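One-letter residues, chain by chain:
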Amino acid sequence: MELKNILFFSSIATIFAIAGICQVHSTYVPYNTTSGFAPDKINVHLVPHSHDDVGWLKTVDQYYAGANNSIRGACVQNVLDSVISALLDDKNRRFIYVEMAFFQRWWRQQSDTLKAKVKHLVNSGQLEFINGGMCMHDEATPHYIDLIDQTTLGHRFILDEFGKTPRVGWQIDPFGHSAVQAYLLGAELGFDSLFFARIDYQDRAKRRDDKTLEVVWRGSVSLGSSSQIFTGIFPIHYEPPDGFTFEINDVSAPIQDDDLLFDYNVEQRVDDFVAAAVAQANLTRTNHIMWTMGTDFRYQYAVSWFRQMDKFIHYVNLDGRVNALYSTPSIYTDAKYAANEKWPLKTGDFFPYADRENAYWTGYFTSRPALKGYVRMLSGYYLAARQLEFFAGRFGSGPSTDALADALSIAQHHDAVSGTQRQHVAADYAMRLSIGYKEAEKVVSSSLAALTGSKLNSMHTDPVPQFQQCPLLNISYCPPSEANLSDARSLVIIAYNPLGWKREEVIRIPVSSDDLVVLDSNGREIESQILPLSNVSLLTINFHTKAYLGTSASSLARYWLAFSASVPPLGFSTYAVSGAKMSEPRSFSSSVYTPDKGNGKTFEVGQGNLQLLYSANEGKLTRYTNRRNSVTSLAEQSYSYYTGYNGTDRVFQASGAYVFRPNNSFSIKPEGQVTSVVIRGPLLDEVHQQLNAWLYQVTRVYKGKEHAEIEFTIGPIPVDDGFGKEIIAQISTGLNTNKTFYTDSNGRDFIKRIRDYRADWDVEVHQPIAGNYYPINLGIYLEDETTEVSVLVDRAVGGSSLVDGQIELMLHRRLLNDDSRGVGEALNEEVCVLDSCKGLMVQGKYYLRIDPRGEGAKWRRKFGQEVYSPLLLAFSEEEGNNWMSSHITTFSAIDHSYSLPDNIALITLQELENGRVLLRLAHLYETGEDKDNSGVTSVEVKKLFPEKKVVKVREMSLSGNQERIEMEKKRLKWKVQFDQEDEEEIPSVRGGPVDPVELVVQLAPMEIRTFIIHFSYDNHDDDDDDDDLLLFAS
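About the cut-offs
- Residues numbered from 1 in each chain as written.
- Predicted model: local features only at pLDDT ≥ 70, side-chain atom pairs only at ≥ 80, totals over all residues.
- Heavy atoms only, no water.
- Phe/Tyr/Trp six-rings, centres within 6.5 Å; stacked < 30°, edge-to-face > 60°.
- Helix = DSSP H or I, 4+ residues; strand = E, 2+ residues; numbered from the N terminus.
- Buried < 20%, exposed > 50% of the residue type's maximum accessible area, 1.4 Å probe, protein only.
- Lys NZ or Arg CZ within 6 Å of the ring centre and 35° of its normal.
- Pairing = 2+ DSSP bridges.
- Expected span 1.5 Å × (residues − 1).
- Axes fitted to C-alpha atoms, helices over the stretch in contact; angles between N-to-C directions.

(A) Inspection of the packing of aromatic side chains at higher detail. This model, assessed by the stated rule, comprises 59 aromatic pairs. Between Tyr63 and Phe297, the ring centres sit 4.3 Å apart and the planes meet at 20°, which makes this aromatic pair stacked. With Tyr63 in helix H3 (residues 60–65) and Phe297 in the loop between strand E8 (288–293) and helix H11 (302–319), this residue pair connects regions lying 234 residues apart in the sequence. Judged by relative accessible area, which is 0%, Tyr63 ranks as buried. Judged by relative accessible area, which is 1%, Phe297 ranks as buried. Three or more aromatic residues joined by ring pairs form one cluster here, namely Phe95, Phe244, Phe246, Phe273, Trp291, Tyr299, Trp305, Phe306, Phe312 and Tyr326. Of note, Arg748 hangs over the ring of Tyr144, and the distance from its end group to the ring centre comes to 4.9 Å. Over the aromatic face of Phe543 sits the side chain of Lys838, whose NZ or CZ is 4.0 Å from the ring centroid.

(B) Region of the structure containing the pairing of strand E29 (residues 708–714). For E29, the buried fraction is high: seven of the seven residues fall into the buried class. Neither face of E29 is left uncovered, since the one carrying Ala708, Ile710, Phe712 and Ile714 and the one carrying Glu709, Glu711 and Thr713 both have all their residues buried. As consecutive antiparallel partners, strand E28 (residues 695–702) and E29 are separated by five residues.

(C) How the structure looks around H11. End to end, H11 covers 26 Å across 18 residues, agreeing with the expected 26 Å (1.5 Å per residue, within 8%). Counting buried residues in H11 gives 14 out of 18 residues, a clear majority hidden from the surface. Backbone geometry just after H11 places Gly320 at a positive phi near 90°.

(D) Quick peek at the environment of Thr648. Note that Thr648 resides in the loop between strand E24 (631–644) and strand E25 (662–667). The class for Thr648 is exposed, based on a relative accessible area of 62%. Once the C-alpha coordinates of Thr648 and Ser615 are considered, the two residues, 33 residues apart in sequence, prove to be 44 Å apart.

(E) Structural view of the sheet that holds strand E47 (residues 975–977). Taking strand neighbours across the sheet as the criterion, the six strands line up as E4-E5-E7-E6-E10-E47 in an open arrangement whose pairing is mixed. The sheet is open, and its two borders are formed by strand E4 (168–170) and E47, each paired with just one other strand. Averaged over all adjacent pairs, the angle separating strand axes in this sheet is 40°, with direction ignored.

Laid out in structure tokens, this is it:
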């Protein structure tokens, strides 16, 4: 409807009506806010909200309590106090709340009387929980398991306290949106809709013109329409239209309806409202539009908002040209659905995001790589710790994994793992993770002590073993493994495997002696290898133990001990390391040499199927050969850096925490010829290279593996030349890839990328480097007619293929300018010891493999799970050599004849409060991804719990807050408008219902299924369904 037409509708009768209002003299006005839908008018849904970051410029505690207000005057406690009071004043008012990390804190501090009132507000729909996770998570840098866990934690709280299940996604602030968010963290939660604000500025402009801001989004090719979701993109941002913000210090003109005031303005403000409503209505379909009435940390004085909205609803509806009402996204969603409209179809994702020409928000894919690595490491640890907690039995008192769960959930916030917070806030996230780890470490140690037990009969007592763990193994620091050992004193190592299949891996630990012997669980000597500890590792240990432990903790490590481990699924194996006796065999001491240099000279590493060929002079990788599958490929690996653009504002855009804007690129060339040190042994070969003063690399080739492991140590990045730097690794091959590459979505689906191309609009790429970067959590791969090249990562990074046949990963960033997106601080991380500070050093790994085309998925999927869930190592000591005979040395929680299929991962195994178990199983492959593993696969639940009697398996929504069958009944079925170019939909495949007797679960490609398992205890069947949904541990 055109603006001129609707303004013409302002009839004489309407003018007289307003004139009549103007004759009222300073009397009480009972504002009528009881509005419903008006079928023949534009319906303006006013949705009051406050976007409360769970940390950003201030820590989560400072935001909640209103501390440190010199940075920003924000107090979430005030928001909630004020909103609840305002809602209780008028039953027609509504409010939505998102971040359960804040609401849970507030709730625990309230009286029973107020809690009862709040529950009434929730039950009446005045207060509605939207999204419902602990935070509004990022969508580029978290792993999908973390997204599920943090959402589950929030949904538990809502269900336990209020008996409600959120039905709308509200991701209004993340900087781009993933396909996994649409289908997994949307439809699979039972959400009917998803709303957000940030998409590329070019994409938004086209969607505004085409009226395609609201779409049906199918994020998964494999799951298709069975997991689609209605998605609304805001026309501008998540704030109200200009002129309609009403925090106490905002500048928007309030309605002044007292005719004794000189600034009486009812008619003007109503006209403003109608004009804004019509303008937005022209951008969308149906006669319903949403106004997001709020923004960051608003409603600290809620009456200032609600007073104005009361007046607008009252006077706008008296005017009659449009209809205004208090609403929520759920009400808005139902109105859109009732219109019976066909909606445009969206596939893929919304990356990368740019808000203007030279401002691609692709730098945060890598920002704060140490924090990203810490989050990823603890995510895998949390998965394993919950399993052990269940196997040993969860106790009501004592240590638990709850503190780590809370810390990890907050760390998924879109200004946490993203690396886009201020430095003191990053330190706060890390401290919370450390505290959570220490508590979970106690759970792991006590669980392993219980599971290793004692084989001795009850007449003998055997001390409970004390297990230590080594969270600083990334800097080669592990005090228990560095102890002096003799033939009478042994180091006992428990290697726990959290995956559902057997693993054969090489374990590496720092040791102080090179005269050692390693025994397996049966007391047999196994092959082991001693490697020297590099000088770089020694310097790293000395500096960082001082920085993080506060002392000059002495490390005795001088070597690495490597040995082959075989660990059963969901179980552990035991290994003993002791000093070798004079007459005994001992660990193989690696040979160490420097290859001869000269024109054309080369050297080769790898004693198994994989061999890497290097040029001796330059120290560069030149060829990759796999003797098993006859793959031989040119392969070069190098490093470069971009200098960050030194802008100072949005016009002269700088590279910063969010934005990647390179100025120039420079190859990192060695200072003189590279000296490569080659270390050879029976288990693995290593190539050590000091590429410059701040970049050290170790390439490992394991005899039993067919991939190369590249470990990098980068930093401190020099900035004394006045330029920040962004460090990249490049893997170059001869593949003809036609601008095409593939990156993962939060560790799940791989999405096809084409350089300088967007499927939804004709893109103008003003930044050809930054505009082609994408988030990577699992890996990136290339393919041509014959070959695939895959690279997997150990944490979230940004990456691309800017040249055909080449993969590029950004590994570290240090910048000197803020990028003018609110954080107000340069991304210049430092580590300090006493009064000495230097730039952050980062150590990490990536993994390279080349396969015949069509065969790379097997490695990407299976090894990707092993990267996410490494073996968990725990250490103890014993005097003498009787551990193997007196303790349980091998254990598997599942049937000894069974393991999970190679295409299935167990991503959650968690004991709940009443002894039931939350179980999640994930199919790892997409439809058509692999000829052997992309089909429907079965899992035998009984064999996962051989020592327990399973009496019931109940399928739930992804977050476990409602039965799946009920969720599907309630879900809205949206109609899709297909373009001629759209392919006909291929029916999606899902696993069938679980047979109550056989208890076999089927999983289709990309399907994740969530169950609550009931067991029989003490001859009593756990068959009480009354509280099945109110059973989560706090």
